[in-house]
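Structural overview for review
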Amino acid sequence: MIGNLFIVSAPSGAGKTTLVGAVVQADGRVKESVSFTSRAARRGEVDGVHYHFISRGEFEVMIERGEFLEWAEVHGNLYGTSRRLVNEQRAAGHDVVLTIDVQGAAQARVLFPDAVSVFVLPPSRETLLERLEMRGANAAEDLQVRLKNALDEIAQYKHFDYVVINDDLEHATGELAAIIAAERCRLRRRGELAE
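The structure displayed is predicted, hence computed values, not measured ones. (Residues numbered from 1 in each chain as written. Predicted model: local features only at pLDDT ≥ 70, side-chain atom pairs only at ≥ 80, totals over all residues. Heavy atoms only, no water.)

1. Things to note about the sheet that holds strand 3 (residues 36-37)
Inclusion rule: Strand pairing requires that DSSP identify at least two bridges connecting the strands. Think of it this way: any DSSP run of H or I at least four residues long counts as a helix, any run of E at least two long counts as a strand, and we number them from the N terminus. Note on contacts: a residue pair is in contact if any heavy atoms of the two residues lie within 4.5 Å. As a rule, the C-alpha atoms of each element are fitted with a line to give its axis, helices using only the stretch in contact, and angles between N-to-C directions run from 0 to 180 degrees.
The strand order 4-3-6-5 describes an open sheet built from four strands, whose pairing is mixed. Only two strands of the sheet have a single neighbouring strand rather than two, namely strand 4 (52-53) and strand 5 (68-74). Along the sheet face, helix 3 (residues 83-91) touches strand 3, strand 4, strand 5 and strand 6 (77-82) and points at about 35 degrees away from the line of strand 6.

2. So, a nonpolar patch on the surface
Here is the rule we go by: Like-charged residues within 9 Å of one another, or nonpolar side chains (Val, Leu, Ile, Met, Phe, Trp, Tyr) within 5 Å, are grouped into patches, provided each residue has over 30% relative accessible area and no salt bridge. Only the protein chains shown count as covering a residue, and every accessible area follows the Shrake-Rupley method with a 1.4 Å probe. Salt bridges are defined by distance alone: a side-chain nitrogen of Lys or Arg within 4 Å of a carboxyl oxygen of Asp or Glu.
A surface patch of nonpolar side chains, amounting to about 250 Å² of accessible area, comprises Y157, V163 and I165. Its location among the elements puts Y157 in the loop between helix 6 (140-154) and strand 9 (162-165).

3. What about the sheet that holds strand 8 (residues 116-121)?
Spatially, 2-7-1-8-9 is the arrangement adopted by the five strands of the open sheet, whose pairing is parallel. Here the strands that pair on one side only, and so sit at the sheet edges, are strand 2 (30-32) and strand 9. When strand polarity is set aside, the average angle formed by the axes of neighbouring strands in this sheet is 25 degrees. Sheet topology places strand 2 next to strand 7 (residues 95-99); three bridges connect them, and they run parallel. The residue bridging E32 from the neighbouring strand is V97, located in strand 7.

4. Describing the packing of helix 1 (residues 16-26) against helix 7 (residues 169-184)
Between two packed helices, both the angle of their axes relative to each other and the distance between the axes serve to describe the pair. Cut-off, in case you're wondering: Our angle categories are set so that under 35 degrees counts as roughly parallel, over 145 as roughly antiparallel, 65 to 115 as roughly perpendicular, and the remainder as oblique. Crossings are assigned a handedness: left-handed for a near helix turned anticlockwise from the far helix by less than a right angle, right-handed for a clockwise turn. When residue character is reported, Ala, Val, Leu, Ile, Met, Phe, Trp, Tyr, Cys and Pro are called nonpolar, Asp, Glu, Lys and Arg charged, and the others, Gly included, polar.
Following both chains from N to C, one finds helix 1 and helix 7 inclined at 60 degrees, their axes separated by 9 Å at the closest point. Between helix 1 and helix 7, the angle falls in the class oblique. The handedness of the crossing between helix 1 and helix 7 is right-handed. Where helix 1 approaches helix 7, its residues T18, L19, V20, A22 and V23 are matched on the opposing element by L169, A172, T173, L176, A177 and I180. A class-by-class count of the residues in the contact of helix 1 with helix 7 yields nine nonpolar, two polar and no charged.

Here is the structure:
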């Protein structure tokens, strides 16, 4: 059976990458789609693990070829999800998680109306600002842009199927894992087996 598609979105600094990573590590049937980006790698990021880091020109060629199932420009950088890689993982029976921004999430929901969408919220604005500052990779100007964008993105939570508040990583991971488990048990997924 083809795997489920989960869309996990959040403002920068809400902890979506850490949260999804914890679920992927705990559940071998869940695979995270590794996005392509035109931005430079941050300290500690590995090409092909955290992102596929490519030039803006290479990214634009991939857009022209229709290779992305969704893509967006965020904070001046391009991010996109490979249509081929997602289809291959789902065809192999894996549940695939797209960890993407709200623009990409809107595109993906149109293309995949059966996708399950989850919005991750920080517990407070103050916590969000602390998390953005702790990254240490953001210049003061970049920090302000990310905070403004984050507040705009937070307003989009109402367009998602589920909301997870990332106030405690273990608890939030448990909630996301529970959503994935529940979706596997839906009648539309198990009806044939039940018969």
